[in-house]
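Residue-level structural notes
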Amino acid sequence: MLQLLYIVAFTVLALLAMANLIRSLLTLGIESQRQSASPQGRTVSHPELLDSHGHVIDEPLLVMRSLSVEDARAQLDAIYRESPSYGDDQRGESQR
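We now turn to the structure provided with this report. Computed from a predicted model, the values in this text were never measured in an experiment.

Conventions adopted
- Residues numbered from 1 in each chain as written.
- Predicted model: local features only at pLDDT ≥ 70, side-chain atom pairs only at ≥ 80, totals over all residues.
- Heavy atoms only, no water.
- Helix = DSSP H or I, 4+ residues; strand = E, 2+ residues; numbered from the N terminus.
- Buried < 20%, exposed > 50% of the residue type's maximum accessible area, 1.4 Å probe, protein only.
- Patch = residues over 30% accessible without salt bridge, like charges linked within 9 Å, V, L, I, M, F, W, Y side chains within 5 Å.
- Areas by Shrake-Rupley, 256 points an atom, 1.4 Å probe, with all protein chains shown as cover.
- Salt bridge = Lys/Arg side-chain N within 4 Å of Asp/Glu carboxyl O.

A count of helical and extended segments in the protein gives three helices and zero strands. Mapped in sequence order, the helices and strands of the protein form the string α-α-α. Expressed as a percentage of its 96 residues, the buried residues of the protein come to 0%.

Taken together, the side chains of Met1, Leu2, Leu4, Leu5, Tyr6, Val8, Phe10, Val12, Leu13 and Leu16 present a nonpolar region at the surface, about 1,100 Å² in accessible area. Topologically, Leu5 is positioned in helix H1 (residues 2–37). The exposed category is assigned to Leu5, whose relative accessible area is 54%.

Okay, here's the thing in structure tokens:
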């Protein structure tokens, strides 16, 4: 009897969750169509998307290229060798 109660309870919860999901999707679809039907001026929500004259920047702000593991390791090793503590680490190891 208790198992049947659990099955009914979880079925009701699942149906409520699915109904809420479908209602949210329908609301989102209606709102997106409403916004695309009435185009407004291009609004910018962040000041970093504007140049010094206040115009919208249309070019990419960040361009990334992929690195191989060897290139990344070489760059990190070069940065480590240029650090001020690089010479201290080697002197400490040679004195031991």
